[in-house]
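Listed below are the residues making up each chain.
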Amino acid sequence: RRFAPSVVVGSSCFFPRSPRTQELMQQILAKAVLAPSAMGKNPWKFYVVSSPEVLDKVNAQTKKPSYGAPTLVFTTLVNPIPGFEMYDTALAHENLCIAAAAFNVGSVILAYNYPTDTTPTLKTILGVPAEEMLMPVGIAMGYPDMHTATPNRQISAVYL
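Residue positions are given per chain, counting from 1 as you read along its sequence in written order. With the structure being a predicted model, the display of local features is reserved for residues of pLDDT at least 70 and the display and counting of side-chain atom pairs for 80 or more, all residues being used for whole-chain, interface and lining totals. The side-chain quantities take in all heavy atoms of the structure and omit both hydrogens and water.

Colleague: Is there a simple way to explain the pattern of salt bridges in this structure?
Modeller: Pairing is possible between side chains of opposite charge, provided their charged atoms come close. Salt bridge, as used here: a side-chain nitrogen of Lys or Arg that lies within 4 Å of a carboxyl oxygen of Asp or Glu. For the structure on display, the rule yields 1 salt bridge. In this structure, Lys45 and Glu132 form a salt bridge, with 2.9 Å as the shortest nitrogen-oxygen distance. Of this pair, Lys45 sits in strand β1 (residues 44-49) while Glu132 sits in the loop between α4 (119-126) and β4 (133-142), and the two are 87 residues apart along the sequence. Here's how the labels work: a residue is buried when its accessible area is under 20% of the maximum for its type, exposed when over 50%, partly exposed in between, all with a 1.4 Å probe on protein chains only. Given a relative accessible area of 36%, Lys45 falls into the partly exposed group. Of the residues examined, Glu132 reaches a relative accessible area of 6% and is grouped as buried. Helix and strand assignments follow DSSP, with helices taken as H or I runs no shorter than four residues and strands as E runs no shorter than two, numbered in order from the N terminus.

Listed below in structure tokens is the structure:
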């Protein structure tokens, strides 16, 4: 199945504050969950943060920039296959970012465990139950500032 007519991603985005609709996010998440996962468990649960009050709290308490994104998406795993947590999450996040691009929504993947692990703080802010594993990655989403240039990337490959 094809859900993104083209993939042109890789630029850092700075987002103007603009509202995200729940319907649009639901369409993007519907594509994210098409990602493969270990033994087909699809262990993802997404926390979509678009409330300005909660966004401000996340930014202030984690001291992480979200580049003015009007939406942050965090992922928890419920009963994942041990050892496959990062792979499953990375595949779902890749689908999410590609699907967002298909809807002209920009995305930036943010680390919430470097240099300081802020996942305990995030779990409290988001109200994540103890049995869910919060992944240390968030995705900032919004309509990108189209004046931000896509950086040139070098291809490193060995052909045998």
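Following the structure, the description resumes.
Colleague: Would you take a moment to explain the pairing of β4 for this structure?
Modeller: Where a strand is regular, its side chains alternate between the two sheet faces. In terms of burial, β4 is a largely internal element, 9 of the 10 residues being buried. Across 6 bridges, strand β3 (residues 106-111) lies against β4 in antiparallel orientation. Looking across to β4, one finds that Ser107 is bridged to Met141. Each pair of strands is called paired provided DSSP finds at least two bridges between the two strands.

Colleague: How should I be thinking about the packing of helix α1 (residues 22-32) against helix α3 (residues 85-102) in this particular structure?
Modeller: For any two helices packed against each other, the geometry comes down to the angle between their axes and how far apart the axes lie. Working convention: axes come from line fits to C-alpha atoms, limited for helices to the stretch in contact. Angles between N-to-C directions cover 0 to 180 degrees. Put simply, α1 and α3 touch, their axes get as near as 7 Å, and they point 135 degrees apart. If you check the angle between α1 and α3, you find them oblique. Where α1 crosses over α3, the handedness of that crossing is right-handed. On the side of α1, the interface is formed by Ile28, Leu29, Lys31 and Ala32, while α3 contributes Ala92, Asn95, Leu96, Ala99 and Ala100. Of the residues in the contact of α1 with α3, the class split is 7 nonpolar, 1 polar and 1 charged. Orientation is classified from the angle alone, with under 35 degrees giving roughly parallel, over 145 giving roughly antiparallel, 65 to 115 giving roughly perpendicular, and any other angle giving oblique. Throughout, a crossing is termed right-handed when the near helix is turned clockwise from the far one, and left-handed when it is turned anticlockwise from it by less than a right angle. In what follows, a contact means two residues having at least one pair of non-hydrogen atoms within 4.5 Å. Residue classes follow a fixed rule: Ala, Val, Leu, Ile, Met, Phe, Trp, Tyr, Cys and Pro count as nonpolar, while Asp, Glu, Lys and Arg count as charged, and any other residue, Gly among them, counts as polar.

Colleague: I keep staring at the packing of helix α2 (residues 52-62) against α4 and nothing clicks. Help me out?
Modeller: It is at 10 Å that the axes of α2 and α4 come closest, and there the two elements cross at 160 degrees. One finds that α2 runs roughly antiparallel with respect to α4. In the crossing of α2 with α4, the sense of the turn from one axis to the other is right-handed. Contact with α2, carried on its side by Val54, Lys57, Val58, Gln61 and Thr62, involves Thr121, Leu122 and Ile125 of α4 and no other residues of that element. Partitioning the contact of α2 with α4 into residue classes produces 4 nonpolar, 3 polar and 1 charged.

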